[in-house]
Amino acid sequence: MSILIDADTTFIVQGITGREAVNLTRECLDYGNGARIVGGVTPGRLGREVHGVPVFDTVAQAVEHHGGPIDGSVVTVPPAFTRDAVFEALENGIKLVVIVTERIPRRDVAAMVELAALRGARIIGPNCLGIIVPDVIKMGGIGGPAKNAAQAYTAGPIGVISRSGGMTTEMSSTLSAAGLGQSAAVSIGGDAIIGSSYAELMPLFAADPHTQGIVIYTEPGGRMEAELAAWVLEREESERLPIVAFMAGRFMDEMPGMSFGHAGTIVEGKEDTASEKIARLAHAGIQVAERIEDIPEMIGSQIGVQIAARASAGNGGTGTR
Amino acid sequence: MRFFEYEARELVRRAGIPVTDYGFTTDAEEAGEIAARIDGPTVIKSQVLSGGRMKAGGVRFADNPEEAVAHAREILTLEINGHMPRGVLVDPRAEVAQEYYAGVVWDGTRKQPVIIFSPVGGIDIEQVAEEQPEKVGRRHFSNILPFSDFVAKEAIAASGVSGPALNKLVPIVSRLARMFVENDMVLAEINPLGRLADGSFVALDAHMDMENEARPRHEKLLGELGVGKDETRQAREPTPFELAGEQIDASDHRGVAGNVTEFDGNLGLVIGAGGGSLTLFDAVRAHGGRPANYCEIGGNPSVAKACGLTKLVLSKPGVDKIAVMMSIVSNTRVDIVARGVIKACLELDHDPAEKIAIFRIPGAWEEEGFKILERYGVEYADRSVSLNEAARRAVEKIQGTGGAAASRQSEARA
């Protein structure tokens, strides 16, 4: 039915009184079955409420108030405080941490990921929009307000993984329009070091009986696509799902040393380039789409779903419409 | 953020690693004084943030102070790959028995820093790894545990180095690793690390790169090194157009109009967000379009910010039309961006319907946005028009609807 989260997942929002976090809380409470946000944390704001969610000074207070372990946390505190906030979540038994914050130095991210591994926990992000299980729950700002998220995401057999938060929605919307819903969509973040890569999420989707195929959004920079290609090559066909990839930022191959799009997107060596990644993915049998509108047919044909012909002209207009 | 060699060497020195008795100067006469103090043969090295220094004539050897002055004078006016030097480094020519390599970088897959060590230095480590893999030692290390010297010892030993050299190298490589962590480096490399005739080691060149995101943590250090707060140290220097883009972004804290980058085409781009911009820029080029710029808007920019950026792009010489396109937005408001781009056209006395080739931003507040666009006769598209199709329409408009553009597209698809 999904990976990582479902209708029963409980979570807190760390930094809940920030402007972005207040909106995110509203969105998650409104979407699908309504997220079970059991508390928020902002030091010094004990006793307040955000959209009916009680605010605590510490994660420990939230856990005590809940009366048992809490599954997850969405972390939206400023970059200088993120490491401490994530450590606090992990040391209080939280097993799934979604880090929204951007511009966290790698040293801090690596420390959080290392502690998470020691505690048997998982990190999604940083610099991400979180996870959505269409019609059921979203954890993070992914898809925006409930109304907008419902317009783009529909339930179905495709798992979506993306280094870009916005493109998670763009690709899912394209799939939905073609009649291909999503089992779960994960915005994994655009930084050089992130908690969960494509290869690390693949086994979760493969173990989910409802997911039949995977669509990923990729970019130049880093070795994550090479890691995925190696993961696929090491496995029998029965252990993995068909994958279609889209590669953005092909123009960056001509501009080494420049960073566009996301912090992790920079061509530093030959292995980082879009063309090299496309070659590696293709070598592993992963189809790489030239255009996003081609994705539904490509993944549909691999999982035996016929896609209705796309309308050639879309909607829109001018003043004379 | 990359450091110049003279700064990188200072970082190495501060870490407690022996360096040569070098000097840095921006003045040719002073280069002679440094050479006189060194009292022996020297190397004069251009201080630029670019590779290929040696090939371009930016590294020269001097036997006496007079030669040092002459070389420094030439190097100080020598442009290398579009970069003027910051100054010259005057370095004693050391009698080196053997050149080693020591570096620390991030491994994004393992999510840990890794020490790389080799007794084969002075050349590119990737070449050594390919040709003599048994002579490259690697050791990842924790970001939670305090750094312990045995980690460096394991990296050195794994490269086949033993004996007195190993014992002398352990503290040097340990200090390099600690410096890497403490200063939030993404690269800390000493190459070559020279072993002198007496068995001691000295750093002969260094490359250091600090993570941009961590710069605020190291203001004191950067100040002491003389690194300006507004120095971007990008692969190429920002153009006046790009600096104007940064000013527009900084003038208003609401939203982002970032990464404004100049290209030489005729189609101005007001595009976003991160991944959307990458996708759209590729799509415009795939259809034979020539972008005048790259940019990333997002995070709900104000009318003023959208307007300011659009005016900048419209005012760029050679720009005939603009395309306003984003992937589906959830927190950026479509109507606010629409108002901003139309305001920019009107303030520059342009007809929005003529200047805006297409407006494709679906998502939050789109009905309100599309109403505004209709009022001014601007062509717009919702989410049923793909990013690729929107880019194609924009390119078709700017090239005229003639057969040339159409046939190019069918070729591109074939």
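In this text the structure is predicted, and so the values were computed from the model without any measurement.

Rules used throughout
- Residues numbered from 1 in each chain as written.
- Chains lettered and ligands numbered in written order.
- Predicted model: local features only at pLDDT ≥ 70, side-chain atom pairs only at ≥ 80, totals over all residues.
- Heavy atoms only, no water.
- Helix = DSSP H or I, 4+ residues; strand = E, 2+ residues; numbered from the N terminus.
- Rg over C-alpha atoms; globule rule 2.2 N^0.38 Å.
- Buried < 20%, exposed > 50% of the residue type's maximum accessible area, 1.4 Å probe, protein only.
- Contact = heavy atoms within 4.5 Å.
- Areas by Shrake-Rupley, 256 points an atom, 1.4 Å probe, with all protein chains shown as cover.
- Salt bridge = Lys/Arg side-chain N within 4 Å of Asp/Glu carboxyl O.
- Patch = residues over 30% accessible without salt bridge, like charges linked within 9 Å, V, L, I, M, F, W, Y side chains within 5 Å.
- Lys, Arg positive; Asp, Glu negative; His and termini not counted.
- Charge placed at Lys NZ, Arg CZ, Asp CG, Glu CD.
- Phe/Tyr/Trp six-rings, centres within 6.5 Å; stacked < 30°, edge-to-face > 60°.
- Pairing = 2+ DSSP bridges.
- Axes fitted to C-alpha atoms, helices over the stretch in contact; angles between N-to-C directions.
- pLDDT = per-residue confidence, 0-100.
- 1 Å grid on protein atoms, 1.4 Å probe; cavity = no way out; pocket = protein on both sides within 12 Å on 5 of 7 lines; lining within 4 Å.
- Points joined across faces, edges and corners; volume = space filled by probe spheres on them.
- Nonpolar A, V, L, I, M, F, W, Y, C, P; charged D, E, K, R; others polar.
- Buried area = accessible area lost by both parts, 1.4 Å probe.

Time to look at the overall build of chain A. If you tally the helices and strands in chain A, you get ten helices and 15 strands. Radius of gyration (C-alpha) of chain A: 20 Å, near the 20 Å computed for a compact globule of 321 residues. Taken along its principal axes, the extent of the C-alpha atoms in chain A is 55 × 45 × 45 Å. A total of 321 residues make up chain A; the buried ones form 59% of that total. Of the contacts made within chain A by residues no fewer than 6 positions apart, 72% connect residues no fewer than 24 positions apart. Counting every atom, chain A has about 12100 Å² of accessible surface; 49% of that belongs to carbon and sulfur.

Let us look at the pattern of salt bridges. Residues and elements named next belong to chain B. Within the structure shown, the criterion is met by 53 salt bridges over all chains. The shortest N-O distance in the salt bridge between Asp63 and Arg93 comes to 3.1 Å. One end of the pair, Asp63, is in the loop between strand E3 (59–62) and helix H3 (65–76); the other, Arg93, is in the loop between strand E4 (88–92) and strand E5 (96–107), and 30 residues separate them in sequence. For Arg93, a relative accessible area of 34% puts it in the partly exposed group. With its nearest N and O atoms 2.7 Å apart, the salt bridge here joins Glu231 to Arg233. Judged on exposure class, the residue Glu231 and its partner Arg233 are both buried.

Before going further, it helps to examine a negative patch on the surface. Judged by side-chain charge, Asp124, Glu126, Glu130 and Glu131 of chain B come together as a negatively charged surface patch. For Glu130 of chain B, the location among the structural elements is in helix H4 (residues 125–131).

Residues and elements named next belong to chain B. Under the defined criterion, the tally for this structure stands at 14 aromatic pairs over all chains. Considering the side-chain rings of Phe4 and Tyr6, the 5.9 Å spacing of their centres and the 25° angle between planes classify their relative orientation as stacked. On the basis of relative accessible area, Phe4 is assigned to the buried category, the value being 7%. Seen from their ring centres, Phe263 and Phe281 are 4.8 Å apart, and the 50° between their planes marks the pair as tilted. In this pair, Phe263 sits in the loop between strand E11 (256–262) and strand E12 (267–272) while Phe281 sits in helix H9 (residues 274–286), placing the two residues 18 residues apart along the sequence. When sorted by exposure, Phe263 lands in the same class as Phe281, which is buried.

Once that is clear, we can look at the sheet that holds strand E14 (residues 287–289) of chain A. All names here are of chain A. Taken in spatial order, the seven strands line up as E9-E8-E11-E10-E12-E13-E14 in an open sheet, and their pairing is mixed. Each edge of the sheet is formed by a strand with only one pairing partner; in this case those strands are strand E9 (137–139) and E14. In this sheet, adjacent strand axes meet at a mean angle of 20° when their direction is disregarded. Examined bridge by bridge, strand E13 (residues 243–247) and E14 share three bridges and lie parallel to one another. Its bridge partner being in E14, Phe246 is matched across the sheet by Ala289. Helix H10 (residues 295–303) rests against strand E10 (155–162), strand E12 (213–218), E13 and E14 of the sheet, and its axis sits at about 165° to E13.

We now examine the pairing of strand E15 (residues 356–360) of chain B. Residues and elements named next belong to chain B. Of all five residues in E15, five are buried, a share of seventy percent or more. Both strand E14 (residues 321–326) and E15 contribute to a ladder of four bridges, which runs parallel. Residue pairing for E15: Val324 is matched across the bridge by Phe359.

Moving on, we come to the confidence of the model for chain B. All names here are of chain B. Of the residues in chain B, 97% reach a pLDDT of 70 or more, and the chain-wide mean stands at 93. Contacts from residues 402–414, a stretch scored under 50 in pLDDT, to residues over four places away or in other chains number ten contacts. If you check the scores for this complex, the pTM reads 0.93 and the ipTM reads 0.94.

Under the defined criterion, the tally for this structure stands at one cavity of 30 Å³ or more. Each pocket or cavity is described by its volume, and for the largest cavity that value is around 40 Å³. Looking at the largest cavity, the residues that line it are Arg106 and Arg107 of chain A together with Trp106, Phe180, Val181, Asp184, Met185 and Glu211 of chain B. Counting residues per element, the ones that place at least two in the lining of the largest cavity are helix H4 (106–118) of chain A together with helix H6 (163–182) of chain B. For the lining of the largest cavity, the residue count by class is four nonpolar, no polar and four charged.

Before going further, it helps to examine the interface of chain B and chain A. Contacts between the two partners involve 56 residues from chain B and, on the opposite side, 65 residues from chain A. Between chain B and chain A lies a buried interface of about 4600 Å² when both sides are counted; carbon and sulfur atoms form 52% of it. Among the residues chain B hides against chain A, the three largest losses belong to Lys111, Glu213 and Leu278 of chain B. Together they make up 15% of the total. At the boundary of chain B with chain A, the tally comes to six salt bridges.

Among the structural elements, Thr218 of chain A can be located in strand E12. Thr218 of chain A gets classed as buried once you look at its relative accessible area, which sits at 0%.

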